[in-house]
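A structural walkthrough
Listed below are the residues making up each chain.
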Amino acid sequence: MAELRPSGAPGPTAPPAPGPTAPPAFASLFPPGLHAIYGECRRLYPDQPNPLQVTAIVKYWLGGPDPLDYVSMYRNVGSPSANIPEHWHYISFGLSDLYGDNRVHEFTGTDGPSGFGFELTFRLKRETGESAPPTWPAELMQGLARYVFQSENTFCSGDHVSWHSPLDNSESRIQHMLLTEDPQMQPVQTPFGVVTFLQIVGVCTEELHAAQQWNGQGILELLRTVPIAGGPWLITDMRRGETIFEIDPHLQQERVDKGIETDGSNLSGVSAKCAWDDLSRPPEDDEDSRSICIGTQSRRLSGKDTEQIRETLRRGLEINSKPVLPPINPQRQNGLTHDRAPSRKDSLESDSSTAIIPHELIRTRQLESVHLKFNQESGALIPLCLRGRLLHGRHFTYKSITGDMAITFVSTGVEGAFATEEHPYAAHGPWLQILLTEEFVEKMLEDLEDLTSPEEFKLPKEYSWPEKKLKVSILPDMVFDSPLH
């Protein structure tokens, strides 16, 4: 639960913001990390020392549900001559280390990132006659912060978040997000490390898909050229009724399609509802005491395996891959939008699970035949995986959000894979790698063409390539919510 108050009003656990005339006693009591970020805010808004602020009543470090201690809201006059409209500017406090005493973030020194290394910002177009900023962006930012704290996946400029719901719970077409550097906020050196500022940019579904197929930075650049879609400062207008491709039809063919053909996709992995079965291994072999390995059900990835997959998602197996953000699947609870990620104590990094088997005791095994299972949203990304990644000599990873398993598709040009042309299906514990040749990728793209229009087929849907001993099923979400997966 949160409350709205001026940032200069005394809160239950924090002193007032030290504005230009703040008493020295308040400045000395004010948390140093928070003080440093407020300094950057005061640089931009010297006339707004006490902006309206949404604050968590019970702080996260006291057991509250909201990781962000505060979200400050400023009024920005913009610059009409530069196509920058007047807007509300939201700035978060809590993803970075505000306190330096390990109550939330581990202090690792002043040279590296503070906490997760960034704070979120959001720019919302001010409606005519609007005297106070809407508070729903603060709830949105809390939802993204929960995802970061619980998954420990950090954000980077160019990342995307598939939200599947209007950001303000209206009928708006703005239902997803891209992230980019805030155009005004400069990186801040705090006593606990460096903080950068990533701005949330609301986008339509068609723009999200283009970012997935090509890359987020390319779509952000297109949005900057269309004033109604964001303009130079990428200001979100929840009343925007047209995509950039409807506003300028040439953008799709001349910029996006050519970019996909030339560059491929920068998206190297997603968290998804997925699973895989070894069809060449009888069920009774799961208990074969002669094999020191773990099955695809109910076993946890070791810490080292998890870090390998995490790095696959962040940087990829080859040089020049950018970090990626797994899509967030929000759910409704008490009127707020938030993610389904497991709690921090139940994360894959947990050392308390007796199901974890040391990495050294897990052997890589070759499989003869495999069955891949995806929900509809994940399955719709398979053509992207094949056309945008593998045909460009890259890889693509699905990491399960409902169980500790992963599926990585690799091309013949990817180094470091344990799947080979001789043994194209290989598993390291519950991490499956599938090596696909260019010829087979082209064949799969033909057979999977209807996945690009998923609304036209009914679930379940099955695809099979007997000569390759590979089967792919697209299944309802409820299948992956069962304990078996």
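As a reminder, the structure under discussion sits directly above these lines.
Right, let's walk through the structure included here. (Residues numbered from 1 in each chain as written. Predicted model: local features only at pLDDT ≥ 70, side-chain atom pairs only at ≥ 80, totals over all residues. Heavy atoms only, no water.)

**A word on the nonpolar core**
- In this structure, Leu372, Phe374, Leu386, Tyr398, Ile407 and Phe409 are the most contacted members of the largest nonpolar core, which totals 40 residues.
- Residue contacts for leucine 386: discarding those within four places in its chain leaves Leu391, Leu436, Val441, Met444, Leu445 and Leu448.
- In terms of nonpolar packing, the next biggest core, distinct from the first, is built from 33 residues, Leu124, Trp136, Val148 and Trp163 among them. (Core = buried A, V, L, I, M, F, W, Y, C linked by side-chain atoms within 4.5 Å. Buried < 20%, exposed > 50% of the residue type's maximum accessible area, 1.4 Å probe, protein only. Contact = heavy atoms within 4.5 Å.)

**Details of helix 3 (residues 136-151)**
- Given a rise of 1.5 Å per residue, 16 residues ought to cover 22 Å, and the 23 Å separating the end C-alpha atoms of helix 3 matches this to within 8%.
- Most of helix 3 is tucked away: 15 of the 16 residues are buried.
- Phi for glutamate 152, located one or two positions after helix 3, is positive at around 60°. (Helix = DSSP H or I, 4+ residues; strand = E, 2+ residues; numbered from the N terminus. Expected span 1.5 Å × (residues − 1).)

**Considering the sheet that holds strand 10 (residues 269-272)**
- Taking strand neighbours across the sheet as the criterion, the six strands line up as 10-16-17-19-18-14 in an open arrangement whose pairing is mixed. Two strands lie at the open edges of the sheet, namely strand 10 and strand 14 (364-366), each paired on one side alone. Sheet twist, expressed as the mean angle between neighbouring strand axes with direction ignored, is 20°.
- Sheet topology places strand 18 (residues 425-428) next to strand 19 (residues 431-435); four bridges connect them, and they run antiparallel. (Pairing = 2+ DSSP bridges. Axes fitted to C-alpha atoms, helices over the stretch in contact; angles between N-to-C directions.)

**As for helix 2 (residues 32-44)**
- Under the 1.5 Å per step criterion, the end-to-end length of helix 2 is 19 Å for 13 residues, consistent within 8% with the ideal 18 Å.
- For helix 2, the full list of buried residues reads Gly33, Leu34, Ala36, Ile37, Tyr38, Glu40, Cys41 and Leu44.

**Some points on the environment of threonine 190**
- If you trace the backbone, threonine 190 turns up in strand 8 (residues 188-190).
- With 155 residues separating them in the primary sequence, threonine 190 and histidine 35 have C-alpha atoms 8.5 Å apart.
- Discounting residues that sit within four places of it in the chain, threonine 190 has contacts with Gly33, Ala36, Ser114 and Val195.
- Only 3.0 Å separates the side chain of threonine 190 from the backbone nitrogen of phenylalanine 192, close enough to count as a polar contact. (Polar contact = N/O pair within 3.5 Å; in protein donor to acceptor, adjacent residues only side chain to side chain.)

**Here's the deal with the packing of aromatic side chains**
- Summed over all chains, the structure comprises 16 aromatic pairs.
- Taking 5.5 Å as the distance between ring centres and 45° as the angle between the ring planes, the aromatic pair formed by phenylalanine 30 and tyrosine 38 counts as tilted.
- By relative accessible area, tyrosine 38 is classed as buried at 3%.
- Aromatic pair tyrosine 45 and tyrosine 74: ring centres 4.6 Å apart, planes at 10°, arrangement stacked. With tyrosine 45 in the loop between helix 2 and strand 2 (52-56) and tyrosine 74 in strand 3 (residues 70-76), the pair connects residues that are 29 residues apart, well separated along the chain. The exposure classification of tyrosine 45 matches that of tyrosine 74, with both residues buried.
- Residue placement shows arginine 103 over the ring face of tryptophan 61; its charged tip is 4.3 Å from the ring centre.
- Of note, arginine 103 hangs over the ring of tyrosine 99, and the distance from its end group to the ring centre comes to 3.9 Å. (Phe/Tyr/Trp six-rings, centres within 6.5 Å; stacked < 30°, edge-to-face > 60°. Lys NZ or Arg CZ within 6 Å of the ring centre and 35° of its normal.)

**Overview of the sheet that holds strand 21 (residues 470-475)**
- If you trace the four strands from one edge of the open sheet to the other, you get 11-15-21-20, paired in mixed fashion. The sheet terminates laterally at strand 11 (274-278) and strand 20 (461-465), the two strands that pair on one side only. Sheet twist, expressed as the average angle between the axes of neighbouring strands with direction ignored, equals 15°.
- Sheet analysis places strand 15 (residues 370-375) next to strand 21, joined by six bridges and oriented parallel. The partner of histidine 371 across the bridge, within strand 21, is lysine 471.
- The strands that helix 11 (residues 438-447) touches are strand 20 and strand 21; relative to strand 20, the one it contacts most, it runs at about 150°.

**Regarding the pattern of salt bridges**
- In this structure the tally under the stated criterion is 17 salt bridges.
- Aspartate 66 is the partner of arginine 146 in a salt bridge, and the nearest nitrogen-oxygen pair spans 2.7 Å. Placement of arginine 146 in helix 3 and of aspartate 66 in the loop between strand 2 and strand 3 is noted, with a sequence separation of 80 residues between them. By the burial criterion, arginine 146 is buried, and aspartate 66 matches it. (Salt bridge = Lys/Arg side-chain N within 4 Å of Asp/Glu carboxyl O.)

**Comments concerning unusual backbone geometry**
- The omega torsion across leucine 459 and proline 460 is 0°, close enough to zero to call that bond cis.
- Mapped onto the secondary structure, proline 460 falls in the loop between helix 11 and strand 20.
- We note that histidine 164 has phi near 60°; this positive angle belongs to a residue other than glycine.
- Here histidine 164 is to be found in the loop between strand 6 (160-162) and strand 7 (176-181).
- Among the residues examined, histidine 164 registers a relative accessible area of 43% and is labelled partly exposed.

**Things to note about a negative patch on the surface**
- A cluster of acidic residues, Glu438, Glu442, Glu446 and Glu449, forms a negative patch at the surface.
- Assignment of secondary structure puts glutamate 449 in the loop between helix 11 and strand 20.
- Since its relative accessible area comes to 58%, glutamate 449 is described here as exposed. (Patch = residues over 30% accessible without salt bridge, like charges linked within 9 Å, V, L, I, M, F, W, Y side chains within 5 Å. Areas by Shrake-Rupley, 256 points an atom, 1.4 Å probe, with all protein chains shown as cover. Lys, Arg positive; Asp, Glu negative; His and termini not counted. Charge placed at Lys NZ, Arg CZ, Asp CG, Glu CD.)

**As for the pairing of strand 20**
- Here strand 20 runs beside strand 21; their pairing, made up of five bridges, is antiparallel. The residue of strand 21 that forms the bridge with serine 464 is lysine 471.
- In this structure, the hairpin formed by strand 20 and strand 21 is closed by a connection of four residues, where lysine 469 is found at a positive phi of approximately 55°.

**Looking at the environment of glutamate 119**
- With respect to the helices and strands, the residue glutamate 119 is situated in strand 5 (residues 113-125).
- Relative accessible area serves as the criterion here: at 0%, glutamate 119 is assigned to the buried category.
- Sequence separation of glutamate 119 and phenylalanine 197 is 78 residues, and the distance between their C-alpha atoms is 5.0 Å.
- Separated by 2.6 Å, the side chains of glutamate 119 and serine 92 make a polar contact.
- Reaching out from glutamate 119, the side chain makes a polar contact with the side chain of serine 96 at a distance of 2.6 Å.

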